[in-house]
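Okay, here's what each chain looks like letter by letter:
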Amino acid sequence: MKDWEVQSALQSLEGFKKPKIELEQYATPAELATHFLCAANRTFDDIEGKRVLDLGCGAGMLSIGAALLGADTVTGCDIDEDALETAKENRAEFELEEVVDFVRLNVVDRDRRVGEAEDAGRMILPSFRTTFDTVILNPPFGANKDRQQKGIDLLFLHTALAMCSEGGAVYSLHKSSTREHIERVCEGWGAKAEPLGQYNWNLAKTYKHQKKASKDIAVDMWRLTHTKKRQ
């Protein structure tokens, strides 16, 4: 499937019907999702024919995009039942039930600190008993300081690494303002972190407290791989 065909398909998907601010739910734009997935697929061959895990899948934008690009299997995880119901409806539109599975799981332990490496992935690994070739995620940025845990994007990222096979890769989106911090933290985890490009995310107004109709946010696309053998 060509890139423009993927984007056209993703534009037809239903977004969050009941977005929850405490989960920092914002719809990933189809254009951004297409750039994200096609970079992983075209440049690194990390989607087609791979076992893909989508952490915090929401309404299924990245999961369905990965399936359309030829992933062998896709597993999408999210804690929100409403989002998962929408994801399943989106999946049905493309008849991807045999490829894409959606599972209700709490992706991260919000009481865990980022530095507690030995605990990364412990909440969801028993549910699968396997790791994945490729892990994709658009994690919450922790922008809602009064409601969201600071550093939660790194908790998601750390869990993604734990769920990724040694020869696999993690792809994630993060605010460009955190670039140096992410590089430093990933080095401490024994992971190579490569920024693959910067994108402008035109974040549409989703919640009542937002005063502007939209806001531009600079985000980086990252590719992470293991540099240390896992015990």
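Our structure's up above, just so we're on the same page.
Quick notes on the rules
- In every chain, residue numbers begin from 1 and rise along the written sequence.
- Given that the model is predicted, a residue must reach a pLDDT of at least 70 before its local features are reported, and side-chain atom pairs must reach 80 or more before they are shown or counted; all residues, however, enter totals for whole chains, interfaces and linings.
- Excluding hydrogens and water, the side-chain figures rest on all heavy atoms present in the structure.
- In this scheme Phe, Tyr and Trp rings, the latter by its six-membered ring, pair at centre separations within 6.5 Å, and the angle between planes marks the pair as stacked below 30 degrees, edge-to-face above 60, and tilted otherwise.
- Only DSSP runs of H or I covering at least 4 residues are called helices, and only runs of E covering at least 2 are called strands; the numbering of each starts at the N terminus.
- Classification of residues uses two cut-offs on accessible area relative to the type maximum, computed with a 1.4 Å probe and protein chains only: under 20% is buried, over 50% is exposed, and between them is partly exposed.
- For a Lys NZ or an Arg CZ to count as sitting over a ring, it must be within 6 Å of the ring centre and within 35 degrees of the ring normal.
- Two N or O atoms form a polar contact when they lie within 3.5 Å of each other; inside protein one atom must be a possible hydrogen donor and the other a possible acceptor, and for residues adjacent in sequence the pair counts only when both atoms belong to side chains.
- Two residues qualify as a contact provided that any one of their heavy atoms is within 4.5 Å of a heavy atom in the partner residue.
- The salt bridge definition used is simple: a Lys or Arg side-chain nitrogen within 4 Å of an Asp or Glu carboxyl oxygen.
- At least two DSSP bridges between two strands are needed for those strands to be called paired.

K.L.:
Can you explain the packing of aromatic side chains? Please cite residues and give values.
P.N.:
Using the criterion set out here, one finds one aromatic pair in the structure. Each ring, one from Phe 44 and one from Tyr 171, has its centre 6.3 Å from the other, and the planes form 55°; the classification is tilted. Highlighted residues: Phe 44 in helix α2 (residues 30-44) and Tyr 171 in strand β5 (residues 164-175), separated in sequence by 127 residues. A residue is classified by how much of its surface remains accessible, and Tyr 171, at 0% relative accessible area, is buried. Of note, Arg 223 hangs over the ring of Phe 44, and the distance from its end group to the ring centre comes to 4.2 Å.

K.L.:
Describe helix α6 (residues 152-162), naming the residues involved and giving the relevant values.
P.N.:
α6 sits mainly inside the fold: eleven of its eleven residues count as buried. Those residues of α6 that fall on the buried side of the exposure criterion are Ile 152, Asp 153, Leu 154, Leu 155, Phe 156, Leu 157, His 158, Thr 159, Ala 160, Leu 161 and Ala 162.

K.L.:
Describe the side chain of Ser 172, with residues and values.
P.N.:
Position of Ser 172 relative to the elements: it lies in strand β5. Side chain to side chain, Ser 172 and His 174 meet in a polar contact 2.7 Å long. With residues up to four places along the chain from it excluded, the contact list for Ser 172 reads Phe 36, Leu 137, Pro 139, Leu 157, Asp 220, Met 221 and Trp 222.

K.L.:
A description of the pattern of salt bridges should follow, citing residues and the corresponding values.
P.N.:
Under the criterion given, the structure shown has nine salt bridges. Note that Lys 17 and Glu 89 form a salt bridge whose closest N and O atoms lie 2.8 Å from each other. Pair noted here: Lys 17 is in the loop between α1 (3-11) and α2 and Glu 89 is in helix α4 (residues 81-93), with a separation of 72 residues, a long-range link. Judged by relative accessible area, which is 39%, Glu 89 ranks as partly exposed. A salt bridge links Arg 179 to Asp 220; its shortest N-O distance comes to 2.6 Å. Of this pair, Arg 179 sits in helix α7 (residues 179-188) while Asp 220 sits in strand β7 (residues 214-226), and the two are 41 residues apart along the sequence.

K.L.:
Please provide a residue-by-residue account of unusual backbone geometry, values included.
P.N.:
At Asp 45, a residue that is not glycine, the phi angle is positive and equals roughly 55°. As for its placement among the helices and strands, Asp 45 is situated in the loop between α2 and β1 (51-55). Overall, Asp 45 belongs to the exposed group, its relative accessible area being 53%. Positive phi, close to 55°, is recorded for Glu 95, a residue that is not glycine. Residue position: Glu 95 is located in the loop between α4 and β3 (100-104). Under the relative-accessibility criterion, Glu 95 is labelled exposed at 69%.

K.L.:
Summarise the environment of Lys 2; cite the residues concerned and give the values.
P.N.:
Tracing the sequence through the fold places Lys 2 in the segment before α1. Put simply, Lys 2 and Leu 68 are 66 residues apart on the chain and 9.8 Å apart in space, counted from C-alpha to C-alpha.

K.L.:
Outline the pairing of strand β4 (residues 132-137), listing residues and values.
P.N.:
Successive side chains on a regular strand alternate, one facing one side of the sheet and the next facing the other. With respect to burial, β4 is a largely interior element, five of its six residues being buried. Pairing between β1 and β4: four bridges, direction parallel. Of the residues in β4, the one forming a bridge with Leu 53 is Val 135. Judged from the five bridges that link them, β4 and β5 form a sheet pairing that is parallel. Its bridge partner being in β5, Thr 134 is matched across the sheet by Ala 169.

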